[in-house]
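# Overview (structure and organization)
Given next are the chains, with one letter for each unit.
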Amino acid sequence: MSMSGFIKSLYQTQSDFITVTKIEECAEYNKKNIHQHDYYEIIWFTEVEFEDTIQIDFVDFPVSENNFYVVAAGHLHRMDRTGKKGWVFTLSKEFYHNITPLDMQARSIYAINSIVNQKKCEMCRTLIRWIVHEYNLERRYALIESYFKTLFIHLTPIFEKNSSHNHEKQSVARLLDDIEDHYIEQREVPFYAQRLRLSERSANELAKKVTGKTIKQLIQERLILEIKREIAADKITFKEMAFKLQFNEASYFSRFFKKQTGMSPEEYRTHFINMSRA
């Protein structure tokens, strides 16, 4: 690319790859509004007046100042914006994958819903200010992209703090991606062990070491999460859910869900409705 072409691309503007909103002005973040998107969100808290949580895919995570949360596309989440300040960055899927390192792109809840405490990372806060400043002015794609890429370079060591050795983490990231891609039709451990080129025992030991769960537990957890999402969406019947998720019989679907959660699908739907009204 010529220098003139590079300069032209640097100043090229787009408007659909990112939005920036103050948490306190984000209408969708009231306690009752559980929702999901087809894009990614980065939520950065600058001020939190009292102890509270953000709920991501039915799990409550603590909220504190100088925390980043990365919420993946498709994940159900809700939060009460009361007493909180900060920024919500919505990023298109294409833009998110352009700015993040490959080892941070695993699509499962385990890999993406990470809490990044960057209290000691002044550069991260500075980069956020630059992103907001550019968004409010010219919204030049190349410049915002470069700021986010730099941000994630600084965040990567924080994401990896106290994690397993890098090669083990990468192997489990591949495992989680495989589960995400195949959990509906492939529910047996040998399939995933073979893709890792490990024995069943070694694959399970690796998964247990990094995630605290066996491969079977990870598959079941992903299935339960999808069932909960379908129940929350309330668009199809339980029989249709069973068919969609490739259970042989609707009765087995119900037994599986109750064994894993302690509630029947019908009981969970009532529980979810009550939870949404709380």
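Since the model is a prediction, treat every value here as computed from it, not as a measurement. (Residues numbered from 1 in each chain as written. Predicted model: local features only at pLDDT ≥ 70, side-chain atom pairs only at ≥ 80, totals over all residues. Heavy atoms only, no water.)

## Looking at the packing of helix α8 (residues 200-211) against helix α9 (residues 215-233)
- At their nearest, the axes of α8 and α9 sit 8 Å apart, and the two run at 65 degrees to each other. Together, A203, N204, A207, K208 and T211 of α8 and I215, K216, Q217 and L218 of α9 make up the contact between the two elements.
- Taken together, the residues of the contact of α8 with α9 break down into four nonpolar, three polar and two charged. (Axes fitted to C-alpha atoms, helices over the stretch in contact; angles between N-to-C directions. Helix = DSSP H or I, 4+ residues; strand = E, 2+ residues; numbered from the N terminus. Contact = heavy atoms within 4.5 Å. Nonpolar A, V, L, I, M, F, W, Y, C, P; charged D, E, K, R; others polar.)

## Observations concerning the confidence of the model for the protein chain
- A residue-level look at the protein chain finds 82% of positions with pLDDT of 70 or above and a mean pLDDT of 83.
- The weakest mean pLDDT in the protein chain belongs to helix α3 (residues 109-112) at 40; the strongest belongs to helix α10 (residues 238-244) at 97.
- In the model, residues 1-13 has pLDDT below 50 throughout and makes 15 contacts with residues more than four positions away in sequence or in other chains.
- Counted against residues more than four places away or in other chains, residues 106-114, with its pLDDT under 50, gives 34 contacts. (pLDDT = per-residue confidence, 0-100.)

## Things to note about α9
- Relative to the 27 Å expected for 19 residues at 1.5 Å per residue, α9 spans 27 Å between its end C-alpha atoms, a close match to the ideal helical length.
- D234 occupies a position one or two residues after α9 and carries a positive phi of about 55 degrees. (Expected span 1.5 Å × (residues − 1).)

## Some words on the pattern of salt bridges
- What the rule picks out here adds up to 14 salt bridges.
- For E134, the salt bridge is made with R140, and the minimal N-O distance between the two is 2.8 Å.
- Classification of R140 as buried rests on a relative accessible area of 12%.
- Residues E226 and R229 are paired through a salt bridge, measuring 3.7 Å at the closest nitrogen-oxygen approach. Of this pair, E226 and R229 both sit in helix α9, separated by three residues, roughly a single helical turn.
- Using a relative accessible area of 15% as the deciding quantity, one classes E226 as buried.
- With relative accessibility at 10%, the residue R229 sits in the buried group.
- Here the residues in one salt-bridge network are D57, E180, R222, E226 and R229, joined through shared partners. (Salt bridge = Lys/Arg side-chain N within 4 Å of Asp/Glu carboxyl O. Buried < 20%, exposed > 50% of the residue type's maximum accessible area, 1.4 Å probe, protein only.)

## Some remarks on the nonpolar core
- Within the largest apolar cluster, 35 residues are counted, with the highest numbers of intra-cluster contacts made by L175, I215, I227 and F253.
- For this core, the secondary structure elements donating two or more residues are α6 (166-182), α7 (189-196), α8, α9, α10, α11 (250-261) and α12 (265-277).
- Tallying contributions element by element places α9 first for this core, with eight residues.
- The residues contacting L175, other than those within four sequence positions of it, are Y192, L196, A207, I215 and L218.
- Core analysis: the next-biggest nonpolar cluster, separate from the first, contains 29 residues, W44, W87, I99 and C124 among them. (Core = buried A, V, L, I, M, F, W, Y, C linked by side-chain atoms within 4.5 Å.)

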